[in-house]
Amino acid sequence: MFTSYSLQDVMAGLLALLGLVVPIAIHLWNRRPGQTVQVGSVRWLAAAANRRLRNLRLEQVGLLLLRVALLALLALAVAQPLWQRSLPQPLVRGHVLLSPDLLRPDVLPALRPGIDSLRRRGFALQLFAPGFRAVSAQAWTNPDSLAKLSLAPGATALAAGAPVVSPTALVPDDYWARAQQAADSFPDQPLRIVSGAARQHFSGPRPVLPARLTWQTVPLPDSAVWLAGAAVPKAGTLRLQVGRSGEDATTFRVVQLALPRGAAPLSVAGLPELHYQPAQAALPATIELPGRPAVTVAADPLRVVIYADAAHIESARYARAALQAAAIGLPQRLDLTTGSPTTDFAKAAPNWLFWLSDKPAPASWQQQAQRGAQLWQEARAGASVEAELDLTGLATAPPVAISRLDTTATQAAKTSVLVLWQDGTGRPVLTHQASGTGGSYQLATRLQPTWSGLPDSPALPELFLQLLRATQSEAPATAIDLRQLDARQLSASTSLVSQTTSSTAAQQPSGSDAPLTARQVVASTALRPWLVLAALVLFAIERWLAARRTSLTSTSSL
């Protein structure tokens, strides 16, 4: 089947076909040279000339057809034809979407029997990742190919025992949004999602998913231990912040060591051997880890500036107390000062700025957020509500009541805004938006008893500590958060790990009930290179025949 790329190409090819007139005209005009004939009188020449003009006959028809074919091939090449053919494809009964973080040698063998059974019944295997890339039969049986697929964009690369942590790590894929996209991309077909249950992949409220979608979570083994930060709080002392993340929670501990006077190894339980590298010239001191980015040793304190107007003085008092309590878990010393709208930040750049006022933050404060500081603001107005702050995965404390909430805020609808705290109905309570090298936090309520129960909650220092750690840590918190989501939120089906082939087949719909979708795959091959090659071959043959004809004509005329 032939087609062209566009109507413009077709018109160009038709115009090129007009060139066929050229070789025909030349062929008729370029007659064979006449022979010299001795005659006794010129009275016969006029009659012979008239007879020659009337006797225009085609000669060397083969050479003429060769030249016409040569121009026809070039005209077709200008039209850029394609050869399209339909490839037979098996009918698709459904789709198995496998998350890349399960393509591990210690997890995949237990999943293969169940997935292979689904594939034999007509389910297409694809990655549960952006693009839903198909996993071919060859790649499914090749460990090297699966290893490359596991490092696809959006995938979480996990090594045995610990994740790969990098300051440039990608934001984890949002499984809620990806599942909704899969339901829209494969309508009226059964979907089986097989993924891990790490909380880092599930943010925001659970979407409404169709009943034809079943979700199987697979627990990933091991936990992660990493060096979250390091600082010199006072002369001769080195404080290290060590994090550990497992299925249930992420915890931190502070280890205090004597500050080495020069380059020296460090020994910390649960971590590989560390190496302390002192400051050199303009380079700060660092702690090097095998196979991980070096952690900078902070020499300056954590500088926090708080400003509050008359309506927010109470919020400032609770914020100050919570920050002082949270500082116990930080490697750095806390430097907490009171600021004003005209505070000069030229002497020392702040790490955190608390602007507690109904007025917008001054330009100088916003510029500091662009340069690396974190700007905290709370609601200027709020409506009366009856809600509770959802502390699931944040802190182990009684629920926190919220009596006033700014429900008009629409920042959470932006893709660049991250919802950190939310109430039981999914409304954002605390959001963060990156800005330059820093960012801004927006609290939709206030740290006042008349607005929320946060001031009296023991969870407030812990919540502040998490935020302070996230901004001071060398590694993104999302890269090492291994907490697991409750599988009941996914309405998971029977585990594929425990399924046998017979039980899997019993759970599948019958052939008459399950929708089968034929995938029409059309393969296209561009014919232009082959047409040009054929034209070159014909041109060579034409030149050889033309030269041979000239040689024979010259010989016969002698």
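Worth saying up front: this structure is predicted, and the values here are computed from it rather than measured. (Residues numbered from 1 in each chain as written. Predicted model: local features only at pLDDT ≥ 70, side-chain atom pairs only at ≥ 80, totals over all residues. Heavy atoms only, no water.)

Let's talk about the confidence of the model for the protein
Reading predicted coordinates in detail is not appropriate for stretches of low pLDDT.
Okay, so step 1: Looking at the protein, pLDDT values average 77 and 71% of them are 70 or higher.
Okay, so step 2: Predicted confidence for residues 1-5 stays below pLDDT 50, and this span has 16 contacts to residues more than four positions away or in other chains.
Okay, so step 3: A low-confidence stretch, residues 152-170 (pLDDT under 50), is modelled with 39 contacts involving residues beyond four sequence positions or located in other chains. (pLDDT = per-residue confidence, 0-100. Contact = heavy atoms within 4.5 Å.)

Points about helix α10 (residues 363-370)
Okay, so step 1: Turning to α10, its buried residues number three or more, namely W365, Q368 and A369. Around the axis of α10, the buried residues are gathered within 105° of arc, so they sit on the same side.
Okay, so step 2: At its buried positions, α10 is contacted by β17 (302-308), β19 (352-356), β20 (374-378), β24 (428-435) and β25 (438-443).
Okay, so step 3: Looking at the residues trailing α10, positive phi occurs at G372, about 130°. (Buried < 20%, exposed > 50% of the residue type's maximum accessible area, 1.4 Å probe, protein only. Helix = DSSP H or I, 4+ residues; strand = E, 2+ residues; numbered from the N terminus. Arc of directions from axis to C-beta.)

Comments concerning the sheet that holds strand β18 (residues 334-338)
Okay, so step 1: Spatially, β18-β17-β19-β20-β25-β24-β23 is the arrangement adopted by the seven strands of the open sheet, whose pairing is mixed. The sheet is open, and its two edges are formed by β18 and β23 (417-422), each paired on a single side. Going across the sheet, the axis of each strand differs from the next one's by a mean of 20°, ignoring polarity.
Okay, so step 2: Across the sheet, helix α9 (residues 313-326) lies against β17, β18, β19 and β20, angled at about 165° from β18, the strand it touches most.
Okay, so step 3: Where α10 meets the sheet, it contacts β17, β19, β20, β24 and β25, and its direction lies at approximately 145° from that of β19. (Pairing = 2+ DSSP bridges. Axes fitted to C-alpha atoms, helices over the stretch in contact; angles between N-to-C directions.)

Details of the sheet that holds strand β8 (residues 191-195)
Okay, so step 1: The strand order across the open sheet built from four strands is β5-β4-β8-β9, with neighbouring strands paired in parallel fashion. For this open sheet the edge positions go to β5 (123-127) and β9 (213-217), each flanked by a neighbour on one side alone. Here the strands of the sheet are splayed against their neighbours by 20° on average, with no regard to which way each runs.
Okay, so step 2: Pairing geometry for β8 and β9, over five bridges, is parallel. Each bridged residue has a counterpart across the sheet, and for L191 the counterpart in β9 is L213.

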